[in-house]
Amino acid sequence: AVQAGSIDPDSLGMDEVARNTNAEIIRKIWQGEELFDAIDEPESFRAFLRENTPRLFKLYEQVLNGACRDRNLQAALKDPAAWRVPGSMEFIHRLKRAGAKNYFVTGAVVDIKPGTAPAGMHEEVLAVGFDVGEGKDIEALEGSTWDEKIPKVEVMKRLCRQENIDPAAVLVVGDGRSEIAAGADMGAVCLSRLPADAARQRELHVSLGTHMIVADYTSPRFLRMFEA
């Protein structure tokens, strides 16, 4: 909004240097980066972000829900298998049988409150057939809150600290650049799930340090790698 001129940067105490800094952060975001603590920004701008971020998150959820999520969720409830990556359920079960704890990590808001109906990503995960809870297929969902946008790498590191897990014993599975880059940086084993025709994405994931790329989880040879 500052870059586009929808918000007057002068009202936020942003001089030309601060505007250029903001432009650099936006450029890095488009490159898949998420952490900018070392980049100096005016405190007035940081305060503005802290105050308005929760409202922005909720507006984003409303737009997303209206655009596609509600419709897709209803379709997933009717036919869960059609909305899962082929072989993903068996893969999760196999990891569980081998003694792994499975977590779903996201940069989105995870709002799980005891005694309330599932919402957001929690509702979506249940809709496609995964059980969530201590000792279940998916141990927990981990992500941001309404008040704090937490990059995936920080969510992953925090989870390792909380569970006293050596990152070298972690398998990171994903289709995004951020989680694969974070996993490689942590020293974890990284598995990228990308379509066979996603040539550019596959090149990027290789450059990020992924250890293996699969189109789905159906290959018997692949599944045998995770036998207990």
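Here is a short report on the structure shown in this document. Quick caveat: nothing in here was measured; it's all calculated off a predicted structure.

1. A word on the overall build of the protein
Point 1. The number of helices and strands found in the protein is eight helices and five strands.
Point 2. Going from N to C terminus, the protein has its helices and strands arranged as α-α-α-β-α-β-α-β-α-β-α-β-α.
Point 3. Along the first, second and third principal axes, the C-alpha atoms of the protein reach 60 × 40 × 40 Å.
Point 4. In the protein, which comprises 228 residues, the share counted as buried stands at 35%.
Point 5. Of the roughly 13,700 Å² of accessible surface on the protein, 53% is carried by carbon and sulfur atoms.
Point 6. Across the protein, the 28 positively charged side chains and the 36 negatively charged ones have centroids separated by 5 Å.

2. Re the environment of Val170
Point 1. In this fold, Val170 is placed in the loop between helix H5 (152-163) and strand E3 (171-174).
Point 2. Considering only alpha carbons, one finds Val170 and Cys160, ten residues apart in sequence, at a separation of 8.7 Å.
Point 3. When neighbours within four sequence positions are excluded, Val170 is seen to be in contact with Cys160, Ile165, Ala188 and Val189.

3. Looking at the nonpolar core
Point 1. Residues Leu73, Ala76, Met89, Ile92, Val110, Val125, Ala127, Val128, Phe130, Val132, Ile138 and Leu141 constitute the largest nonpolar core, which totals twelve residues.
Point 2. Of all the secondary-structure elements, those providing two or more residues to this core are helix H2 (43-78), helix H3 (88-97) and helix H4 (120-127).
Point 3. In contact with Ile92, other than residues within four places in its own chain, are Asn102, Phe130, Asp137 and Ile138.
Point 4. Counting residues in hydrophobic clusters, the runner-up holds ten residues, among them Cys160, Met186, Ala188 and Cys190.

4. Focus on H3
Working note: α-helix, 3.6 residues per turn, so residues spaced by three or four point in the same direction.
Point 1. Where H3 is concerned, the buried positions are Ser88, Met89, Phe91, Ile92, Arg94 and Leu95.
Point 2. Residues of H3 that are buried make contact with E3, strand E4 (189-193) and helix H8 (220-224).
Point 3. Positioned one or two residues after H3, Gly99 has a phi angle of 100 degrees, which is positive.

5. Some details on the packing of aromatic side chains
Point 1. Scanning the model with the defined rule gives seven aromatic pairs in all.
Point 2. Judged by centre distance (6.1 Å) and plane angle (40 degrees), the ring pair of Tyr217 and Phe222 falls under tilted. As far as burial versus exposure is concerned, Tyr217 and Phe222 are alike and both buried.
Point 3. Clustering of aromatic rings is evident, with ring pairs tying together Phe91, Tyr217, Phe222 and Phe226.

What counts and what doesn't
- Residues numbered from 1 in each chain as written.
- Predicted model: local features only at pLDDT ≥ 70, side-chain atom pairs only at ≥ 80, totals over all residues.
- Heavy atoms only, no water.
- Helix = DSSP H or I, 4+ residues; strand = E, 2+ residues; numbered from the N terminus.
- Buried < 20%, exposed > 50% of the residue type's maximum accessible area, 1.4 Å probe, protein only.
- Areas by Shrake-Rupley, 256 points an atom, 1.4 Å probe, with all protein chains shown as cover.
- Lys, Arg positive; Asp, Glu negative; His and termini not counted.
- Charge placed at Lys NZ, Arg CZ, Asp CG, Glu CD.
- Contact = heavy atoms within 4.5 Å.
- Core = buried A, V, L, I, M, F, W, Y, C linked by side-chain atoms within 4.5 Å.
- Phe/Tyr/Trp six-rings, centres within 6.5 Å; stacked < 30°, edge-to-face > 60°.

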